[in-house]
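# Survey of secondary and tertiary structure
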Amino acid sequence: MNAPLVDRFGRVADDLRVSLTDRCNFRCTYCMPAEGLAWLPRSELLTYEEIERLVGVFLDLGVRTVRLTGGEPLLRRGVEPLVSLLAARGVPDLSMTTNGLLLAEKAEALAAAGLRRINVSVDSLLRHRFAEMTRRDALERVLDGLRAAERAGLAPIKLNCVVVRGTNEDEVVDFARFARATGYQVRFIEFMPLDAEEGWSRDRVVPSEEVLAAIDRVHPLVPVDHGPEPARVFRFADGAPGGVGVIASVSEPFCGDCNRIRITADGQFRTCLFALEETDLRRLLRAGADDDQIAAAVRDAVARKWAGHRINEADFVRPARSMSMIGG
Ligand code: 5AD
Ligand code: SF4
């Protein structure tokens, strides 16, 4: 194996997110406009062979976790065979982030292909509000998907809930109750300035501290030691199953411990969600570069990784691409 990917601040990049498509069958208001975005032409997407090859290079560079994302990754045709290919490559921790709309049909095949665990975006447990936030009336189908994932043995099941002021912050205790009833882990994510419609503003961010305090008043929480994940994770003091966590990207940036790197659906390597620079791995692949040349390009890009996003600084610049084009 090559030396691990270390940047000039000593951070080790070992958690890779691979976006399979920029398309989505939801239109979450904090991500995409109702009419969608200009989708990438198919020829610009990495093929499964290209993804498999890149993942091989990253494994060699010490990557341990590979998470498949989108857009909505289950919209990409034949995703199960890709999961098999990656599982056969020996990815130590292979997971997926999905909106869950197609999960009821696909959970079993995904688990059989070697997927271990799954994160599902659920922003409301109320049908009408869910429909408002995602612009799709699909809560029941997503809940069916969660049950199918459970039956298929995907574990742990994690829910991602983006908390937006004035929209769903009154549900955080209900989500905690849902976690206790199901054994799921709920992660509350602060709203970040990555929405295509640029509707983000600081007063719509609900600080994670506020979320935790609201839950702790009803269901006391105990912090759990959890390794280098950017989430802060808690279990319930009374021993109930499930748990909650917070991803305080805006109010308490965790850039100093960031171990994440990303490949967009069109093969651009990014060292930060908010990076303003991308490295074109697709061009290298298609120009016939060998694995060492690709590894060298990745190593260079990681070496240039910045200290962190500057959301809280006056000079913050939004990246040109929004969340669904980068890959959560
Ligand atoms: N801020 C925070 N989280 C977001 N996501 C999408 N857009 C945003 C945003 N602007 C979340 C999705 C998904 C995860 C990959 O990223 O809800 O759960
Ligand atoms: Fe689709 Fe995820 Fe964006 Fe929602 S947040 S529109 S599910 S890509």
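Residues numbered from 1 in each chain as written. Chains lettered and ligands numbered in written order. Predicted model: local features only at pLDDT ≥ 70, side-chain atom pairs only at ≥ 80, totals over all residues. Heavy atoms only, no water.

### Some details on the overall build of the protein chain
Note the threshold: Helix numbers and strand numbers start at the N terminus; a helix is a DSSP run of H or I with at least 4 residues, a strand a run of E with at least 2. A radius of gyration in this sense is built from C-alpha atoms; the matching globule rule multiplies 2.2 Å by the number of residues raised to 0.38. Think of it in three bands: with a 1.4 Å probe and only protein chains considered, a residue is buried below 20% of the maximum accessible area for its type, exposed above 50%, and partly exposed in between. Note on contacts: a residue pair qualifies if any of its non-hydrogen atoms lie within 4.5 Å across the two residues. Only the protein chains shown count as covering a residue, and every accessible area follows the Shrake-Rupley method with a 1.4 Å probe.
From N to C terminus, the protein chain includes ten helices and twelve strands. Computed over its C-alpha atoms, the radius of gyration of the protein chain comes to 19 Å, within 12% of the 20 Å expected for a compact globule of 328 residues. Here the C-alpha coordinates of the protein chain stretch approximately 55 × 45 × 40 Å along the principal axes. Split into buried and exposed, the 328 residues of the protein chain put 56% on the buried side. Long-range contacts, defined here as pairs at least 24 residues apart, represent 75% of the contacts in the protein chain between residues at least 6 apart. Of the roughly 13,800 Å² of accessible surface on the protein chain, a fraction of 51% belongs to carbon and sulfur atoms.

### What to know about the packing of aromatic side chains
Our working rule: Pairing of aromatic rings covers Phe, Tyr and Trp, the last through its six-membered ring, and needs centres within 6.5 Å; plane angles under 30 degrees mean stacked, over 60 mean edge-to-face, and all others mean tilted.
The full count for this structure, using the stated rule, is five aromatic pairs. Taken together, a centroid distance of 5.8 Å and an interplanar angle of 75° make the contact between phenylalanine 178 and tyrosine 184 edge-to-face. Judged by its relative accessible area of 4%, tyrosine 184 is buried. Ring geometry for phenylalanine 274 against phenylalanine 316: centres 6.0 Å apart, planes inclined by 65°, an arrangement best described as edge-to-face. Remark: phenylalanine 316 occurs in the loop between helix H9 (291-303) and helix H10 (323-326) and phenylalanine 274 occurs in the loop between strand E11 (268-270) and strand E12 (279-280); sequence separation between them is 42 residues.

### Overview of the packing of helix H2 (residues 79-88) against helix H3 (residues 103-113)
Stated formally: In this description, a line fitted to the C-alpha atoms serves as the axis of each element, helices being fitted only across the stretch in contact, and the angle between N-to-C directions of two axes falls anywhere from 0 to 180 degrees. When an angle is under 35 degrees it counts as roughly parallel; over 145 it counts as roughly antiparallel; between 65 and 115 it counts as roughly perpendicular; any other value is oblique. Put simply, a crossing is left-handed when the front helix is turned counterclockwise from the back one by less than a right angle, and right-handed when it is turned clockwise.
Close contact between H2 and H3 brings their axes to 8 Å; oriented N to C, the two are set at 20°. It follows that H2 is roughly parallel to H3 by the angle criterion. Read as a crossing pair, H2 and H3 show a hand that is right-handed. In this structure, H2 uses Val79, Glu80, Val83, Ser84 and Ala87 to contact H3, whose residues at the interface are Lys106, Ala109, Leu110 and Ala113.

### Some remarks on the site of ligand 2
Where we set the bar: We define proximity as follows: a residue is near a molecule or strand when any one of its heavy atoms falls within 4 Å of that partner. Polarity classes work like this: nonpolar for Ala, Val, Leu, Ile, Met, Phe, Trp, Tyr, Cys and Pro, charged for Asp, Glu, Lys and Arg, and polar for all others, with Gly in that last group.
As a structural note, the neighbourhood of ligand 2 is formed by Cys24, Phe26, Arg27, Cys28, Tyr30, Cys31, Gly71, Asn99 and Ser324. A breakdown of the residues in the shell around ligand 2 according to their chemical character gives five nonpolar, three polar and one charged.

### Observations regarding the sheet that holds strand E5 (residues 157-163)
To keep it simple, the criterion reads: In this analysis, strands are considered paired if DSSP registers two or more bridges between them.
As summarised here, the arrangement of the twelve strands in space is E7-E8-E9-E6-E5-E4-E3-E2-E1-E10-E11-E12, forming an open sheet in which the pairing is mixed. Both edges of this open sheet fall to strand E7 (221-224) and E12, since each of them pairs with a single strand only. Relative to strand E10 (residues 260-263), strand E1 (residues 15-19) runs parallel, the two being bridged by four bridges. In the strand pairing of E10, arginine 17 is matched with arginine 262. Its contacts with the sheet place helix H7 (residues 208-218) against strand E6 (185-190), E7, strand E8 (232-236) and strand E9 (243-247), and it is angled at close to 160° to E9.

### Quick look at the pairing of strand E3 (residues 93-98)
Quick note on the threshold: Here, the term right-handed applies to a crossover whose path from the first strand over the helix to the second runs clockwise when the strands point away from the viewer.
Among the six residues in E3, six count as buried, and that is most of the element. Covered by surrounding structure in E3 are Asp93, Ser95 and Thr97 together with Leu94, Met96 and Thr98, the residues of both alternating faces. Relative to strand E4 (residues 117-121), E3 is paired through four bridges, and the arrangement is parallel. Directly across from threonine 97, in E4, lies its bridge partner asparagine 119. Once you follow E3 into H3 and on to E4, the crossover reads as right-handed.

### Focus on the environment of glycine 328
Relative to the elements of secondary structure, glycine 328 occurs in the segment after H10. Remark: the alpha-carbon pair of glycine 328 and valine 122, spanning 206 residues in sequence, is separated by 14 Å. Setting aside its immediate chain neighbours within four residues, glycine 328 contacts Arg17, Thr69, Gly70, Arg262 and Met323.

### Thoughts on the site of ligand 1
The criterion, for reference: N or O atoms within 3.5 Å of each other form a polar contact, as long as, within protein, one can give a hydrogen and the other can take it, and as long as residues adjacent in sequence are counted only when both atoms are side-chain atoms.
As a matter of local geometry, ligand 1 sits amid Tyr30, Cys31, Thr97, Ser121, Asn160, Val162, Ile189, Glu190, Phe191, Met192, Met323 and Gly328. Tyrosine 30 places a main-chain nitrogen or oxygen 3.0 Å from a nitrogen atom of ligand 1. Methionine 192 places a polar main-chain atom, nitrogen or oxygen, 2.9 Å from a nitrogen atom of ligand 1. When the free accessible area of ligand 1 is taken as 410 Å², the share hidden by the protein chains comes to 91%. Within the residue set of the shell around ligand 1, elements represented by two or more residues are E5 and E6. Here the residues of the shell around ligand 1 sort into seven nonpolar, four polar and one charged.

### Here's the deal with the nonpolar core
Inclusion rule: What we call a nonpolar core is a set of buried Ala, Val, Leu, Ile, Met, Phe, Trp, Tyr and Cys residues that are connected through their side-chain atoms within 4.5 Å.
With 105 residues, the main nonpolar core has Phe58 and Phe188 as its most contacted residues. The element best represented in this core is helix H1 (residues 48-60), accounting for seven residues. Setting aside residues no more than four positions away along its own chain, phenylalanine 188 makes contact with Cys161, Val163, Val172, Phe175, Val211, Ile215, Val244, Gly245, Val246 and Ile247.

The values reported here are purely geometric and, on their own, carry no functional implication.
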